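Below, each chain spelled out in residue letters.
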Amino acid sequence: MHILDFIVSEDVDRAKANIQKMHHHGSSLPNEYRGVRKDGSTFAIEVNSSFVCDTNGEPIRMEFIVRDITERKLAEQ
């Protein structure tokens, strides 16, 4: 699955823009979105991403780590 499959539709354009920024700058800060579970419910997620490069240092794919931050967001409120 693609990372955008895990993000609510209202956050997809922002996620695409952040991915595009990463292509231009080569790095990314953690980003927060609303994720979608299989049952359709939403929850707060943090996404960390990085490029996986070939032996020449050229990016060949992206790697994403998605973390459920629901409890952290509740504590912040």
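A short tour of the structure in this document, coming up. (Residues numbered from 1 in each chain as written. Predicted model: local features only at pLDDT ≥ 70, side-chain atom pairs only at ≥ 80, totals over all residues. Heavy atoms only, no water.)

**Examining the sheet that holds strand β3 (residues 59–68)**
- If you walk across this open sheet you meet the 3 strands as β1-β2-β3, and the pairing is antiparallel. Strands at the two margins of the open sheet, each flanked by one partner only, are β1 (31–36) and β3. Sheet twist, expressed as the average angle between the axes of neighbouring strands with direction ignored, equals 45 degrees.
- Pairing of β1 with strand β2 (residues 42–53) involves 6 bridges; the strand directions are antiparallel. What sits directly across from Asn31, in β2, is Val47. (Pairing = 2+ DSSP bridges. Helix = DSSP H or I, 4+ residues; strand = E, 2+ residues; numbered from the N terminus. Axes fitted to C-alpha atoms, helices over the stretch in contact; angles between N-to-C directions.)

**Describing the side chain of Asn18**
- With respect to the element layout, Asn18 can be found in helix α1 (residues 9–25).
- With a relative accessible area of 15%, Asn18 lands in the buried category.
- The contacts of Asn18, once residues within four sequence positions are left out, are Asn31 and Tyr33. (Buried < 20%, exposed > 50% of the residue type's maximum accessible area, 1.4 Å probe, protein only. Contact = heavy atoms within 4.5 Å.)

**Observations concerning the pattern of salt bridges**
- Tallied over the entire structure, the rule returns 9 salt bridges.
- With its nearest N and O atoms 3.7 Å apart, the salt bridge here joins Arg72 to Glu76. Pair noted here: Arg72 and Glu76 are both in helix α2 (residues 70–76), with a separation of 4 residues, about one helical turn.
- Residue Glu76 pairs with Lys73 through a salt bridge whose shortest N-O separation is 3.5 Å. Of this pair, Glu76 and Lys73 both sit in helix α2, separated by 3 residues, roughly a single helical turn.
- Here the salt bridges do not stand alone but share partners, grouping Glu32, Glu46, Arg67, Arg72, Lys73 and Glu76 into one network. (Salt bridge = Lys/Arg side-chain N within 4 Å of Asp/Glu carboxyl O.)

**Describing the nonpolar core**
- Listed in full, the 10 residues of the largest apolar core are Ile3, Leu4, Ile7, Val12, Ala15, Ile19, Tyr33, Phe43, Ile45 and Val47.
- Those elements giving two or more residues to this core turn out to be α1 and β2.
- Here Ala15 is in contact with Leu4, Ile7 and Tyr33, once residues within four sequence places are set aside. (Core = buried A, V, L, I, M, F, W, Y, C linked by side-chain atoms within 4.5 Å.)

Any functional reading would require information that these geometric values do not contain.
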